[in-house]
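This is what each chain is made of:
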Amino acid sequence: MAGQQLAAKQRVGRGRTVCVTGASGFVASHCVQQLLGAGYTVHGTVRSLTNPDKVRHLTSLFGASERLKLFEADLLKEGSFDEAVAGCEAVLHTASPFTSDKTMTEDDFCKPAIQGTLNVLGSLKRNGVKICVITSSTAAVYCYTEGGGGAIVLHSCVSCLHGVDLIIFVTYIGHRSR
């Protein structure tokens, strides 16, 4: 019975391709694992393919040798995601700049994340991809304010931009007014 259930689950994605940006990240790795387990072909983007140790957790997943293709992509370079999203029916956009440098300003952190998302959306539009799930960075749940004072907020919405259906999950620190 368990074998039949596994076989049925793997048929769900057979012949279908999904791209996961930032594939080596914590959330994205689990997305890749679930997609491969459901039989999807996965195009995963990473910052660099030069160090195999940084992607070994992906290449060792069940189904990866047959259905995982990794691409180098730069969030801040327009067109960098074109090859990875080509032929995909959906994209899970989890890539976001991350740093633990507490001296960074909103401009240092948010502007590259926004520009990176716009670059990914441009690649989707150029390649006719109609579905995109956008997640926030895990950095958004860290509170860097002195003495706390922030509350974790989860916001989700469904929207459409230039013919691409967007499903957006955003987690951020909301500051209380004093």
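Please refer to the structure higher up on the page.
Residues numbered from 1 in each chain as written. Predicted model: local features only at pLDDT ≥ 70, side-chain atom pairs only at ≥ 80, totals over all residues. Heavy atoms only, no water.

Chemist: Looking at this structure, how should I read the overall build of the protein chain?
Modeler: A count of helical and extended segments in the protein chain gives 6 helices and 7 strands. When the elements of the protein chain are put in sequence order from the N terminus, they spell out α-β-α-β-α-α-β-α-β-α-β-β-β. With 178 residues in all, the protein chain has 39% of them scored as buried. Across the protein chain, contacts joining residues at least 24 apart in sequence account for 69% of those joining residues at least 6 apart. Summed over all atoms, the accessible surface of the protein chain reaches about 10,600 Å², with 55% contributed by carbon and sulfur. (Helix = DSSP H or I, 4+ residues; strand = E, 2+ residues; numbered from the N terminus. Buried < 20%, exposed > 50% of the residue type's maximum accessible area, 1.4 Å probe, protein only. Contact = heavy atoms within 4.5 Å. Areas by Shrake-Rupley, 256 points an atom, 1.4 Å probe, with all protein chains shown as cover.)

Chemist: Looking at this structure, I do not really get the nonpolar core. What am I missing?
Modeler: General note: in soluble globular proteins, nonpolar side chains tend to be found buried as a group. The biggest cluster of nonpolar side chains holds 20 residues, and the ones touching the most others in it are Val20, Val32, Leu35, Leu36, Val42, Leu58 and Leu68. Of all the secondary-structure elements, those providing two or more residues to this core are strand 1 (17–21), helix 2 (26–37), strand 2 (41–46), strand 3 (68–72) and strand 4 (90–93). The leading source of residues in this core is helix 2, at 4 residues. Setting aside its immediate chain neighbours within four residues, Val20 contacts Ala28, Val32, Leu35, Val42, His43, Gly44, Thr45, Leu92 and Thr94. One finds Cys19, Ala73, Cys88 and Val91 within the second-largest nonpolar core, a separate group that totals 16 residues. (Core = buried A, V, L, I, M, F, W, Y, C linked by side-chain atoms within 4.5 Å.)

Chemist: What am I meant to see in the pairing of strand 2 here?
Modeler: Sheet faces and side chains relate simply in a regular strand, where the side chains alternate between the two faces. The element strand 2 is extensively covered by neighbouring structure, given that 5 of its 6 residues are classed as buried. Bridging between strand 1 and strand 2 involves 4 bridges; their strand directions are parallel. Bridging from a neighbouring strand, Val20 pairs with Gly44 of strand 2. Inspection of the sheet shows strand 2 paired to strand 3 by 5 bridges, in the parallel sense. (Pairing = 2+ DSSP bridges.)

Chemist: Can you help me understand helix 2 in this one?
Modeler: Two residues of an α-helix separated by three or four positions point the same way, owing to the 3.6 residues in each turn. Between its terminal C-alpha atoms helix 2 stretches 17 Å, which fits the 16 Å expected from 12 residues at 1.5 Å a residue. Just downstream of helix 2 lies Gly39, where phi reads positive at about 90°. (Expected span 1.5 Å × (residues − 1).)

Chemist: I tried to follow the pairing of strand 1 on my own but got confused; where do I start?
Modeler: The buried count for strand 1 comes to 5 of 5 residues, which makes it a mostly enclosed element. Neither face of strand 1 is exposed, since Thr17, Cys19 and Thr21 on one face and Val18 and Val20 on the opposite face are all buried. Handedness of the strand 1-helix 2-strand 2 crossover: right-handed. One ladder, built from 4 bridges, connects strand 1 with strand 4; its direction is parallel. Each residue of the ladder has a partner; that of Val18, found in strand 4, is Ala90. (Right-handed = clockwise from strand over helix to strand, strands pointing away.)

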